[in-house]
Amino acid sequence: MSITTAVPEYLVHGFLIDSAAATIVSEASVDDAFSQDGVNLTYAIRTNTTSNLVVSATLTPFIKLGDDTSTVGIASLSVESIEKVPVSGSYKLLDVLPSFQGMRMYSYTLRVKANQADVASATAGAYESTLSIDIASN
């Protein structure tokens with residue numbers, strides 16, 4: 001007696017760190033996040049599913065390491081230059097509608113901008129913000 005198993009759908013999502021090698025990782029860090037232009041992150045999905053996918057995110061303010069009372073707010077979060085508005089603390093980033101069968105990678109540029117008024121008055125030190133991504137089928 002035997003049993004055969006199969007997982008018909010494949011889904012990996014995260015941050016693209018090497019576009020040539022199509023390397024997707026679950027964690028990424030970008031320096032100079034207080035730049036007036038903001039910072040870009042490349043979010044990617046590799047899948048063979050044909051299900052519609054909804055991608056959402058939460059984004060914390062920048063918090064000074066070792067001093068959680070010193071913060072720098074988020075001015076904006078955009079996807080492919082389209083600014084997203086948070087609803088109840090969460091941003092709906094994408095509706096991904098896979099258009100054909102087979103393995104495919106989809107990638108999107110996310111841009112996070114710090115509030116420049118907060119940056120100008122921030123005390124010196126290292127700050128960190130966390131962008132958490134959720135994905136669900138629709």
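Look a little higher up for the structure.
Residues numbered from 1 in each chain as written. Predicted model: local features only at pLDDT ≥ 70, side-chain atom pairs only at ≥ 80, totals over all residues. Heavy atoms only, no water.

Q: Got a minute to help me understand the sheet that holds strand S9 (residues 91–96) in this structure?
A: Within a sheet, adjacent strands bond to each other through the backbone by hydrogen bonds, running parallel or antiparallel. Pairing is antiparallel across the open sheet formed by three strands, whose spatial order is S9-S4-S12. Where the open sheet ends on each side, the last strands, each with one partner, are S9 and strand S12 (131–137). Taken pair by pair, the neighbouring strands of this sheet meet at an average axis angle of 20°, ignoring direction. Looking at chain direction, strand S4 (residues 53–59) and S9 are connected through five bridges and run antiparallel. (Pairing = 2+ DSSP bridges. Helix = DSSP H or I, 4+ residues; strand = E, 2+ residues; numbered from the N terminus. Axes fitted to C-alpha atoms, helices over the stretch in contact; angles between N-to-C directions.)

Q: So what exactly am I meant to see when it comes to the nonpolar core here?
A: Looking at soluble globular proteins, one finds that nonpolar side chains tend to be buried together. Grouped together as the largest cluster of nonpolar side chains are 27 residues, with contacts concentrated most on Leu-93, Leu-110, Leu-131 and Ile-133. Counting only elements with at least two residues in this core, the list comes to strand S3 (39–47), S4, strand S7 (74–79), S9, strand S10 (104–114) and S12. In terms of residue count, the dominant contributor to this core is S10 (five residues). Contacts of Leu-110, omitting those with residues within four sequence positions, involve Phe-15, Val-39, Asn-40, Leu-41, Tyr-43, Ser-78, Val-79, Leu-93, Leu-131 and Ile-133. (Core = buried A, V, L, I, M, F, W, Y, C linked by side-chain atoms within 4.5 Å. Buried < 20%, exposed > 50% of the residue type's maximum accessible area, 1.4 Å probe, protein only. Contact = heavy atoms within 4.5 Å.)

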